[in-house]
Amino acid sequence: MPSRRRVRVLLIVLTGTIVVVALGAALVERGLVWPNRLFAARYDVRGVDVSAWQGTVDWPTIARQDVDFAYVKATEGSSFVDREFEANLRGAREAGLMVGAYHFFSFESSGRAQAEHVLATVPDDEDLLPLAIDVEYYATFHADPPDASQVRPELTALIETLRDHGIEPVVYATRSAYDRYVAGHFPGTPIWIRSVMVPPTMSDDRAWTFWQYSNRDRLDGYDGEESFIDMNVFDGDLDDLRALR
């Protein structure tokens, strides 16, 4: 039988471990500590992505916080337009950031209809970064993701319709959505991968172009319902990023 002293020591160690784990979890939850920041620090080009959830964005303030580029939400599905799209596009440009628009891909609309909606909404300006297509689960699709045989043809139609109009898009995806819908397909399309706990490893050994390394950062300069902001890095220098346009 263990001695009482040994039991007390074990209880103290166990209690201390629980306290440290709880404190670490609380710091991560508040966005004060993030595991990926150290790994992302090796990349020189940093950016944010925002939508109406960040409210009114003070872009000069954002730009002063070591931010080089911004992606702003433009559209979703075949009819929705983000209410802050025009203001964010204009504000980010005026603040001197490289800026691009992103489209949230819907599992409930045809790819061609979504492409036509994007083309009618996002200006055809040469200074914009490539349009990004955001592929991730939402609503009830988190629990019941649609099959790749249903999604991939529509995603293909969206990409090919954009290409027919001279737009080579970037595909953003969560790790799960990437593996289900993108891995092994769409050769030549730049990939923007979301991996917020550990550095990204691609299941098909593909290279990524953008990496969203945090979805719980805090910056000064926005006042929306969402208190956190997504942070990203680009695998290259500023000249490489400009060359994508």
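Every chain's residues receive numbers from 1 upward, in the order its sequence appears when written. Since the coordinates come from a predicted model, pLDDT governs what is reported: local features require at least 70, and pairs of side-chain atoms require 80 or more to be given and counted, while whole-chain, interface and lining totals use all residues. Note that water and hydrogens are dropped before the side-chain values are worked out from all heavy atoms of the structure.

The protein appears in an unreviewed UniProt entry as Lysozyme from Cellulomonas xiejunii. UniProt positions are given in the numbering used here, feature names are shortened, and annotations may be inferred rather than shown by experiment. Regarding the protein, the relevant UniProt record gives this comment under Sequence similarities (unreviewed entry): "Belongs to the glycosyl hydrolase 25 family."

A. Structural detail: the nonpolar core. The definition of a nonpolar core used throughout is a set of buried Ala, Val, Leu, Ile, Met, Phe, Trp, Tyr and Cys residues joined through side-chain atoms within 4.5 Å. Each residue gets one of three labels from its accessible area relative to the maximum for its type: buried under 20%, exposed over 50%, partly exposed in between, using a 1.4 Å probe on protein chains only. Judged by nonpolar contacts, the single largest core of 55 residues is most densely connected at V48, W59, I62, I133, L155 and Y181. In terms of residues, this core owes the most to one element, helix α6 (residues 148-164), which gives six residues. For I62, the residues in contact, after removing those within four places along its chain, are V48, V57, V67, L219, D220, G221, Y222 and I229. Core analysis: the second largest hydrophobic core is formed by 13 residues, Y71, L129, V170 and F234 among them. Labels follow the DSSP assignment, with helices taken as runs of H or I lasting at least four residues and strands as runs of E lasting at least two, numbered in each case from the N terminus. Residues are treated as being in contact if the distance between any of their heavy atoms lies within 4.5 Å.

B. A look at the pattern of salt bridges. A pairing counts as a salt bridge when a side-chain nitrogen of Lys or Arg comes within 4 Å of a carboxyl oxygen of Asp or Glu. Under the criterion given, the structure shown has seven salt bridges. Measuring nitrogen to oxygen at the nearest pair gives 3.1 Å for the salt bridge that ties R37 to D217. Of this pair, R37 sits in helix α2 (residues 37-40) while D217 is found in strand β8 (residues 210-217), placing the two residues 180 residues apart along the sequence. On the basis of relative accessibility, which here comes to 7%, the residue D217 falls in the buried class. For D239, the salt bridge identified is with R242, shortest N-O distance 2.9 Å. Of this pair, D239 and R242 both sit in helix α8 (residues 238-243), separated by three residues, roughly a single helical turn. Several salt bridges share partner residues, and in doing so they unite R93, D125 and D127 into one network.

C. How the structure looks around the environment of F69. Structurally, F69 is set in strand β2 (residues 69-76). Overall, the relative accessible area of 0% leaves F69 in the buried class. Through-space distance from the C-alpha of F69 to that of L97 is 5.0 Å; in sequence the pair is 28 residues apart.

D. View of the packing of helix α5 (residues 111-121) against α6. For helices, the fitted axis covers only the stretch in contact; all axes are lines through C-alpha atoms, and the angles between them, taken along N-to-C directions, range from 0 to 180 degrees. Interaxial distance between α5 and α6 falls to 7 Å at its minimum, and their mutual angle equals 35°. In terms of crossing hand, the pair formed by α5 and α6 is right-handed. Of the residues in α6, those touching α5 at G111, R112, Q114, A115, V118 and L119 are E154, A157, L158, T161 and L162. When residues are sorted by character, Ala, Val, Leu, Ile, Met, Phe, Trp, Tyr, Cys and Pro go into the nonpolar class, Asp, Glu, Lys and Arg into the charged class, and all the rest, Gly among them, into the polar class. For the contact of α5 with α6, a count of residues per class yields six nonpolar, three polar and two charged. Two helices that cross are described as forming a left-handed crossing if the nearer one is turned anticlockwise from the farther one by less than a right angle, and a right-handed crossing if clockwise.

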